[in-house]
Amino acid sequence: RPITFEKINHSTTMASSSSDKAAGRVLLPLNIDPTRYDITLTPDLTAFTFAGITTIELTTAHDVSTSTIIMHAKELCFANASYTVKDDQPGEVHEAEEISVNMKSTTVSFGFASPIPPNSTLILTIHYTGFLNNQMAGFYRSSYTDIHGTKKTM
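Thresholds applied
Residues numbered from 1 in each chain as written. Predicted model: local features only at pLDDT ≥ 70, side-chain atom pairs only at ≥ 80, totals over all residues. Heavy atoms only, no water. Helix = DSSP H or I, 4+ residues; strand = E, 2+ residues; numbered from the N terminus. Buried < 20%, exposed > 50% of the residue type's maximum accessible area, 1.4 Å probe, protein only. Contact = heavy atoms within 4.5 Å. Phe/Tyr/Trp six-rings, centres within 6.5 Å; stacked < 30°, edge-to-face > 60°.

Let us look at the overall build of the protein. In terms of helices and strands, the protein carries one helix and eleven strands. In the protein, the succession of helices and strands from N to C terminus is β-α-β-β-β-β-β-β-β-β-β-β. Relative to its 154 residues, the protein shows a buried fraction of 26%. Within the protein, counting contacts between residues at least 6 apart in sequence, those at least 24 apart form 67% of the total.

Quick look at the structure:
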């Protein structure tokens, strides 16, 4: 059964006046700002995998001049990504032509054929899969022994 998470009105400000806060961190570009996340995860507790669909509302700044959206991602396999411009009727779908994962910086880049529109609100939809690891990080699995001595996974 799918698990759905919703995060509303989240504003991320990754810039810092102190370079100490940024030391050793991968900071994302500030001209594309996520404001809302809708996440649906469907776990498979037998295969220790999950399928995910995430829809992110993004606000673009006036100075955005790229055809790439970069996000943090760790241990995920991406199937596809696309965006529409909110309130754009009928809502042309822009499919990512390239998906590139950088394992060292734990980021993913979605490359589109045309530049990201400035001063806009985008709806980015991403389909992916992942593994339910037992490292207690991200979406992970855990096991326990019930009162009858049977090991169960949750």
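Having put the structure on the table, let's press on.
Two descriptors summarise a pair of aromatic rings, namely the distance from one centre to the other and the angle between the planes of the rings. Counting across every chain of the model gives five aromatic pairs. A centroid spacing of 6.5 Å and a plane angle of 85 degrees characterise the contact between Phe50 and Tyr128, whose relative ring orientation is edge-to-face. You can see Phe50 sitting in strand 3 (residues 49-60) and its partner Tyr128 sitting in strand 9 (residues 121-131), a full 78 residues away along the chain. According to the relative accessible area criterion, Phe50 is buried, its value standing at 7%.

Nothing here speaks to function; it is geometry throughout.
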